Amino acid sequence: MLKTLFGAVPLAATLRLATPLIFAAVGGCFGNKAGIFNIALESFMLTAAFFSAYGSFLTASPYVGVLFGILAGLLCALLFGLFVFHLESDGMVVSIAMNLGAWGLTTLSMLALFGVRGSFMDPRLVSLPAVHMPFLEALGPVGAVFNDQNVLVYLAFLSVAVMWVVMYRTPFGLRIRGVGINPKAAQTTGANVLAYRWKALIITGAFCGLAGAVLPLGGTSVFSENMTAGRGFLAVAAILVGQGNPLAAAASCLLFAYAGALSVGIQNLGIPSQLVETLPYVATILVLLVYGAGNLSARRKRAG
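Residues numbered from 1 in each chain as written. Predicted model: local features only at pLDDT ≥ 70, side-chain atom pairs only at ≥ 80, totals over all residues. Heavy atoms only, no water.

Student: What is the right way to look at the overall build of the protein in this model?
Tutor: Counting its regular elements, the protein contains 14 helices and 4 strands. Its C-alpha atoms give the protein a radius of gyration of 20 Å, within 12% of the compact-globule value 19 Å for 304 residues. Each principal axis of the C-alpha atoms in the protein carries an extent, and together these give about 55 × 50 × 40 Å. Across the protein, contacts joining residues at least 24 apart in sequence account for 75% of those joining residues at least 6 apart. Accessible surface computed for the protein: about 14500 Å², of which carbon and sulfur atoms make up 70%. (Helix = DSSP H or I, 4+ residues; strand = E, 2+ residues; numbered from the N terminus. Rg over C-alpha atoms; globule rule 2.2 N^0.38 Å. Contact = heavy atoms within 4.5 Å. Areas by Shrake-Rupley, 256 points an atom, 1.4 Å probe, with all protein chains shown as cover.)

Here it is as structure tokens:
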């Protein structure tokens with residue numbers, strides 16, 4: 001039982017499952033701090049997942065596939081920004097439209113380009129290789145957790161630290177946060193509010209592109225319809241719980257991913273699979289409840 005809960009296998013799986021969530025959440029933190037209402041991360045990730053698979057299929061290179069995914073994420077960000085920033089459309093409406101549209105677009109594109117529905121596998125669709133670091137072998141079970149992961153897993157956790165520094169220790173991050181807190185005050189200091197929101201959105205798009213690329217190229221070498229399966233919404237939840245802080249958001253992502261890893265491991269214990277598969281979403285609801293209760297308590301203390 002302890003191996004099922006805390007063994008090297010579920011913990012290593014947690015890192016893999018957390019990687020797309022962390023990329024999307026870290027990028028989305030910048031949009032959140034800039035005051036952008038964006039729940040379209042699901043569409044960014046799904047579109048990027050398809051085009052990263054397509055790029056790998058065309059070139060038999062997972063790295064070109066990742067580049068295709070980043071470009072797809074950036075195009076989604078540009079589309080979102082065009083409607084919200086320049087055409088003054090409602091962010092909620094645009095997000096819903098893009099989330100629904102991405103599913104249809106990727107399904108239609110898969111049928112048009114690959115001639116299949118459901119899922120697509122091909123020897124030319126190549127995943128990122130696992131990185132083996134011999135020095136981790138000396139760490140025993142701990143080394144087994146961190147060893148033999150693909151490069152995007154390590155990059156995701158590195159990005160958390162780097163983007164936290166950018167957010168809280170650089171003038172750029174200060175202006176991003178200022179734009180989100182009080183746009184008019186930021187404007188009076190000479191900051192171009194629209195330009196900083198565009199920069200934050202571009203960061204979101206690029207990171208969601210990486211998040212989407214992990215799904216087909218992180219080891220599965222397959223693309224399937226609706227491959228994100230709600231991961232974009234889990235990333236949005238992590239951003240809200242973390243209040244736009246990359247470190248706190250990443251911690252929430254790890255919790256959600258751990259619940260997902262457990263849902264795979266405990267299926268062998270005779271628990272109905274339908275119940276087990278709800279674990280990541282139950283964990284999300286519980287975290288949001290705790291977060292909401294904490295906020296309510298804080299408001300009552302301030303009011304009292």
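Student: Please clarify how helix H11 (residues 231-241) should be interpreted in this entry.
Tutor: Given 3.6 residues to a turn, an α-helix orients residues that are three or four positions apart in the same direction. Burial within H11 is extensive, with 8 of its 11 residues counted as buried. Within H11, the full set of buried residues consists of Gly-232, Leu-234, Ala-235, Val-236, Ala-237, Ala-238, Ile-239 and Val-241. Looking one or two residues past H11, Gln-243 carries a phi angle of roughly 55°, positive in sign. (Buried < 20%, exposed > 50% of the residue type's maximum accessible area, 1.4 Å probe, protein only.)

Student: I'm lost on the packing of aromatic side chains in this one. Help?
Tutor: Here the distance between the centres and the angle between the planes together describe a pair of aromatic rings. Counted by the stated rule, this structure contains 13 aromatic pairs. Ring geometry for Phe-50 against Tyr-54: centres 6.3 Å apart, planes inclined by 10°, an arrangement best described as stacked. With Phe-50 and Tyr-54 both in helix H3 (residues 41-59) and 4 residues apart, the pair spans about one turn of that helix. Taking the centre distance of 3.9 Å and the plane angle of 5° together, the rings of Phe-114 and Phe-120 count as stacked. For Phe-114, a relative accessible area of 12% translates into the label buried. Overall, the relative accessible area of 8% leaves Phe-120 in the buried class. Three or more aromatic residues joined by ring pairs form one cluster here, namely Phe-50, Phe-51, Tyr-54, Phe-57, Phe-114, Phe-120 and Phe-223. The ring of Tyr-196 has Lys-199 sitting right over it, with the charged end atom 4.7 Å from the ring centre. (Phe/Tyr/Trp six-rings, centres within 6.5 Å; stacked < 30°, edge-to-face > 60°. Lys NZ or Arg CZ within 6 Å of the ring centre and 35° of its normal.)

Student: So what exactly am I meant to see when it comes to the layout of surface pockets here?
Tutor: Gaps left between atoms are located by rolling a probe of water-molecule size over the structure's atoms. Here the second largest pocket defines a volume of roughly 280 Å³. The wall of the second largest pocket is formed by 13 residues, among which Arg-16, Leu-17, Val-214, Leu-215 and Thr-220 lie closest to the centre. No other element matches the 4 residues that helix H2 (residues 8-33) contributes to the lining of the second largest pocket. Each residue belonging to the lining of the second largest pocket can be placed in one class, and the counts come to 6 nonpolar, 5 polar and 2 charged. (1 Å grid on protein atoms, 1.4 Å probe; cavity = no way out; pocket = protein on both sides within 12 Å on 5 of 7 lines; lining within 4 Å. Points joined across faces, edges and corners; volume = space filled by probe spheres on them. Nonpolar A, V, L, I, M, F, W, Y, C, P; charged D, E, K, R; others polar.)

Student: Help me out: how do you make sense of the nonpolar core in this one?
Tutor: As a rule of thumb, nonpolar side chains are buried together in soluble globular proteins. Formed by 75 residues in total, the largest nonpolar core has its most connected members in Ile-22, Phe-23, Phe-44, Phe-80 and Phe-223. Counting residues per element, this core draws most heavily on helix H10 (residues 193-217), which supplies 14 residues. If we ignore the near neighbours within four places in the chain, the residues touching Phe-80 are Ile-36, Phe-37, Asn-38, Ala-40, Phe-44, Gly-91, Val-94, Ser-95, Met-98 and Leu-201. (Core = buried A, V, L, I, M, F, W, Y, C linked by side-chain atoms within 4.5 Å.)

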